[in-house]
Amino acid sequence: MSTVLEVEHLTKEFQRDDVATVALRDFSLSIEEGTLVTILGRSGCGKSTMLNLLSGLSKPTSGRVLHRGSPHSGPTPDIGYLTQTDTLMPWRSVQRNVEMPMEIAGTGKAEREAKARELIATVGLADFADSYPRELSGGMRRRASLARMLANGAETILMDEPFGALDAQLRSELQRELARLWSATGHTIVFVTHDIEEALLLGDRVVVLGPLGTVLLDQEIDLDRPRDPDEAKVDPRFVELHATLASALKKGARP
Ligand SMILES: Nc1ncnc2c1ncn2[C@@H]1O[C@H](COP(=O)(O)OP(=O)(O)OP(=O)(O)O)[C@@H](O)[C@H]1O
């Protein structure tokens, strides 16, 4: 298995009015091709900072990120990034928003219209393809953003708590859909969450982060797929892994 992203001794410091805030300190991680890695950590431990660095959007204070063996020189279309903030174009319908990455890539009209329709149906928005972002609920906008990110065709995908604001039912549907897409495409996914159950239902590896991005635990998840939330929760191995992750998170919270 080859390494897609190699993070070497990353430190990120933010400077504001002569005050320096360290968000990540000496953080290292390897992401192997085709894996679905969930990064689990409490609020403020540096997860978004880490994804910004992995995407190439932000530059480290020290250390480096290698993407397929070469140092990152900035954002690349090979890496899709679903950030926490909504970046849909308000003047474009859902259909035209999802077509946008394909337009930029020069994909023909008929092909991009069909592909966008398919992706919109995948995220359950088929009836809202002609709606504008302002006409959608927050959860629907998240789903449209997800479809647009998938339209990019990137083989490496970074996701920052993408389902956090959704109701439990929808969240569970999209988790299942994402796991299915991942199995079908062999993409590499780095998925950030603060929810232990979500980390376990999705990941084949969970990396638990503590303050300043300290790796508290790097755990392989040997649960069968597909993982149905109701069945998984009564599986003794799921319960055991849940306790292991919860204990690692708690350890990280101690001063
Ligand atoms: N632009 C910035 N300027 C100053 N400090 C920042 C900046 N971005 C992040 N930080 C600080 O860095 C630390 C890590 O923030 P980050 O957003 O990466 O955490 P997180 O784990 O993603 O949190 P959450 O789960 O709440 O999104 C926090 O202390 C935050 O206040």
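Cut-offs and rules
- Position numbers for residues count from 1 along each chain, tracking the sequence in the order it is written.
- A pLDDT threshold of at least 70 governs which residues receive local features in this predicted model, and a stricter bar of 80 or more applies before side-chain atom pairs are shown or counted, although totals over entire chains, interfaces and linings include all residues.
- The basis for every side-chain value is the complete set of non-hydrogen atoms in the structure, without hydrogens or water.
- A strand pair is defined by DSSP finding two or more bridges across the two strands.
- Helix and strand definitions here come from DSSP, where helices need a minimum of 4 consecutive H or I residues and strands a minimum of 2 consecutive E residues; each element is numbered from the N-terminal end.
- By definition here, a salt bridge exists when the distance from a side-chain nitrogen of Lys or Arg to a carboxyl oxygen of Asp or Glu is within 4 Å.
- The rule is simple: take the accessible area with a 1.4 Å probe, protein chains only, and divide by the maximum for that residue type; under 20% is buried, over 50% is exposed, in between is partly exposed.
- Every angle, taken between N-to-C directions, lies between 0 and 180 degrees, and every axis is a line fitted to C-alpha atoms, over only the stretch in contact when it is a helix.
- Every angle not falling under 35 degrees, over 145, or within 65 to 115 is termed oblique; those three ranges are roughly parallel, roughly antiparallel and roughly perpendicular.
- Two helices crossing with the near one rotated counterclockwise from the far one by less than a right angle form a left-handed crossing, whereas a clockwise rotation gives a right-handed crossing.
- When checking whether two residues touch, look at their non-hydrogen atoms; a contact exists if any pair is within 4.5 Å.
- Residue proximity to a molecule or strand is established when one non-hydrogen atom of the residue lies within 4 Å of it.
- Any pair of N or O atoms that falls within 3.5 Å is considered a polar contact. Within protein, one atom must be able to donate a hydrogen and the other to accept it, and sequence-neighbouring residues count only if both atoms are side-chain atoms.
- Residue exposure ignores everything except the shown protein chains as possible cover, and the areas themselves are Shrake-Rupley values with a 1.4 Å probe.
- Every helix has an expected span of 1.5 Å times one less than the residues it contains.

- As annotated in an unreviewed UniProt entry, the protein chain carries the name Nitrate ABC transporter ATP-binding protein and comes from Nocardiopsis sinuspersici.

Thoughts on the pairing of strand β1 (residues 3-16)
1) Next: The pairing of β1 with strand β2 (residues 19-32) spans ten bridges and is antiparallel. If you follow glutamine 15 over to β2, its bridge partner there is alanine 20.
2) Next: In sequence, β1 turns back onto β2 through a hairpin of two residues, with aspartate 17 there showing a positive phi of about 45°.

Quick word on the pattern of salt bridges
1) Next: By the definition in use, this model includes 18 salt bridges.
2) Next: Between glutamate 33 and arginine 68 there is a salt bridge, with its nearest N and O atoms 3.2 Å apart. Of this pair, glutamate 33 sits in the loop between β2 and β3 (36-41) while arginine 68 sits in the loop between β4 (62-67) and β5 (70-71), placing them 35 residues apart in sequence.
3) Next: Where arginine 112 meets glutamate 99, a salt bridge forms, and the shortest distance between an N and an O atom there is 3.1 Å. Of this pair, arginine 112 sits in helix α3 (residues 109-122) while glutamate 99 sits in helix α2 (residues 94-105), and the two are 13 residues apart along the sequence.
4) Next: Look at arginine 112 and you get buried, because its relative accessible area is 14%.

A look at the packing of α2 against α3
1) Next: One can describe the packing of α2 onto α3 by two numbers: an axis separation of 9 Å at closest approach and a directional angle of 125°. Comparing their axes, α3 and α2 come out oblique. Judged by the twist between their axes, the crossing of α2 over α3 is right-handed. The residues of α3 that touch α2, namely those facing Val94, Gln95, Val98, Glu99, Met102 and Glu103, are Arg112, Glu113, Lys115, Ala116, Arg117, Leu119 and Ile120.

Quick notes on the sheet that holds β1
1) Next: Taken together, the four strands give an open sheet; going across it, the order is β2-β1-β4-β5, and neighbouring strands pair in antiparallel fashion. In this open sheet, the two strands that pair with only one neighbour each are β2 and β5.
2) Next: Sitting on the sheet, helix α1 (residues 47-55) is in contact with β1, β2 and β4, with an inclination near 120° to β1.

A closer look at unusual backbone geometry
The phi angle of most residues is negative, glycine excepted, and most peptide bonds adopt the trans form.
1) Next: Note the cis peptide between arginine 225 and proline 226, where omega equals -10°.
2) Next: Mapping proline 226 onto the fold places it in the loop between β10 (215-220) and α7 (229-232).
3) Next: Even without being a glycine, aspartate 17 presents a positive backbone phi close to 45°.
4) Next: Tracing the backbone shows aspartate 17 in the loop between β1 and β2.
5) Next: Here leucine 212, not a glycine, exhibits a phi torsion of approximately 60°, which is positive.
6) Next: By the element assignment, leucine 212 lies in the loop between β9 (205-209) and β10.

Focus: the site of the ligand
1) Next: The immediate surroundings of the ligand are formed by 13 residues, with Ser43, Gly44, Lys47, Ser48 and Thr49 found nearest.
2) Next: Between the ligand and serine 43 there is a distance of 2.5 Å, counted from an oxygen atom to a side-chain nitrogen or oxygen.
3) Next: Computed on the free molecule, the ligand has an accessible area of 630 Å², of which 64% lies beneath the protein chains in the complex.
4) Next: Where the shell around the ligand is concerned, the elements lending two or more residues are β1 and α1.
5) Next: When residues of the shell around the ligand are assigned to their parent elements, the largest contribution, three residues, is made by α1.

A few points about helix α5 (residues 168-185)
1) Next: With 18 residues, α5 extends 26 Å from end C-alpha to end C-alpha; this agrees with the ideal 26 Å at 1.5 Å per step.
2) Next: Every buried residue of α5 is accounted for by Leu170, Arg171, Ser172, Leu174, Gln175, Glu177, Leu178, Ala179, Leu181 and Trp182.
3) Next: Trailing α5 by a residue or two, glycine 186 shows a phi angle of about 70°, which is positive.

Some details on the sheet that holds strand β7 (residues 156-160)
1) Next: Pairing in this open sheet of six strands is mixed, and the strands run β6-β7-β8-β3-β9-β10 from one edge to the other. Both edges of this open sheet fall to β6 (79-82) and β10, since each of them pairs with a single strand only. Strand-to-strand twist in this sheet, taken as the mean axis angle between neighbours without regard to direction, amounts to 15°.
2) Next: Here α5 sits on the sheet and contacts β3, β7 and β8 (188-193); the angle it forms with β8, its principal contact strand, is near 155°.
3) Next: Against the sheet, helix α8 (residues 236-253) makes contact with β3, β9 and β10, and its axis sits at roughly 165° relative to β10, the strand it touches most.

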